[in-house]
Amino acid sequence: MHRRINPLATAIVLAAALPAPSASATVAPATYVLARAGELTITAPVAVSLGSGPPGSQRSAQMGTVTVTDGRSPNSGAWTATVSSTNYTRTVAPVATIGRANMSYWSGPASATQGGGTFVPGQPTAASRVTLAAPRTAFSHTAVAGVNNASWNPTLVLSIPFSGVTAGTYTGVVTHSVA
């Protein structure tokens, strides 16, 4: 899921100072329409598998590249990418759930950036990983610098509980958004 922010187009009318027209000439103002500014978008992998493991173990995997592209005009402001998660559910009988608090996330450093300003990873190292019990900052851009983009390859870590789970496939959704 991604959120798009679209600035409105702005029309500018330019009038040129011309010599006085002859009696047979007509004068019309020159016009110029400023092209629509770009959007603020985020892309992320569609699916990732953490494999399998027994109760009490941890499973981890890198998600794949997440990219924020800020094509807005200069002075549009900073942006913050947020990550959140649902619970992980086994939907066939017996139904079981692994709570989203069991899923941890760390963004790692940027794998690529372009443009000026300061790019700040939410969790630069594995030691700074956070649970996805609540929405978290994944990455941010703190300086107003016009067109820019950043990519990172976050790591997910699932702690499988000792009890309350049964063998099977658990499915949940990790969502990145940007504003």
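Quick caveat: nothing in here was measured; it's all calculated off a predicted structure.

Sorry, what's going on with the packing of aromatic side chains here?
The way to describe two aromatic rings as a pair is by their centre distance and the angle between their planes. By the definition in use, this model includes 1 aromatic pair. Between Phe139 and Trp152 the ring centres are 4.6 Å apart and the planes differ by 15 degrees, which places this aromatic pair in the stacked class. Taken together, the residues span a long stretch of sequence, with Phe139 in strand S13 (residues 136-141) and Trp152 in strand S14 (residues 148-152) at a distance of 13 residues. No difference in accessibility class separates Phe139 from Trp152, as the two residues are buried.

What is the right way to look at the sheet that holds strand S11 (residues 119-121) in this model?
For sheets, the rule is that strands pair by backbone hydrogen bonds, running either parallel or antiparallel. Taken in spatial order, the 4 strands make up an open sheet running S11-S13-S6-S16, and their pairing is antiparallel. Because the sheet does not close on itself, it has two edges, and the strands there are S11 and strand S16 (174-178). Going across the sheet, the axis of each strand differs from the next one's by a mean of 20 degrees, ignoring polarity. Sheet topology note: the strand S6 (residues 79-85)/S13 ladder contains 5 bridges and is antiparallel. Its bridge partner being in S13, Ala81 is matched across the sheet by Phe139.

Sorry, what's going on with the sheet that holds strand S5 (residues 66-70) here?
In space, the 4 strands of this open sheet follow the order S3-S5-S14-S10, with antiparallel pairing throughout. A single partner strand is all that each edge strand has here, and the edge strands are strand S3 (40-43) and strand S10 (110-114). The sheet shows a mean angle of 10 degrees between the axes of neighbouring strands, taken without regard to direction. In the sheet, S5 pairs with S14 via 5 bridges, with the strands oriented antiparallel. Residue Asp70 lies in a different strand from S14, and its bridge partner there is Asn148.

Quick question: what am I supposed to make of the side chain of His176 here?
Tracing the chain through its elements places His176 in strand S16. Within polar-contact distance, the side chain of His176 engages the side chain of Tyr105 at 2.9 Å.

What counts as what
Residues numbered from 1 in each chain as written. Predicted model: local features only at pLDDT ≥ 70, side-chain atom pairs only at ≥ 80, totals over all residues. Heavy atoms only, no water. Phe/Tyr/Trp six-rings, centres within 6.5 Å; stacked < 30°, edge-to-face > 60°. Helix = DSSP H or I, 4+ residues; strand = E, 2+ residues; numbered from the N terminus. Buried < 20%, exposed > 50% of the residue type's maximum accessible area, 1.4 Å probe, protein only. Pairing = 2+ DSSP bridges. Axes fitted to C-alpha atoms, helices over the stretch in contact; angles between N-to-C directions. Polar contact = N/O pair within 3.5 Å; in protein donor to acceptor, adjacent residues only side chain to side chain.

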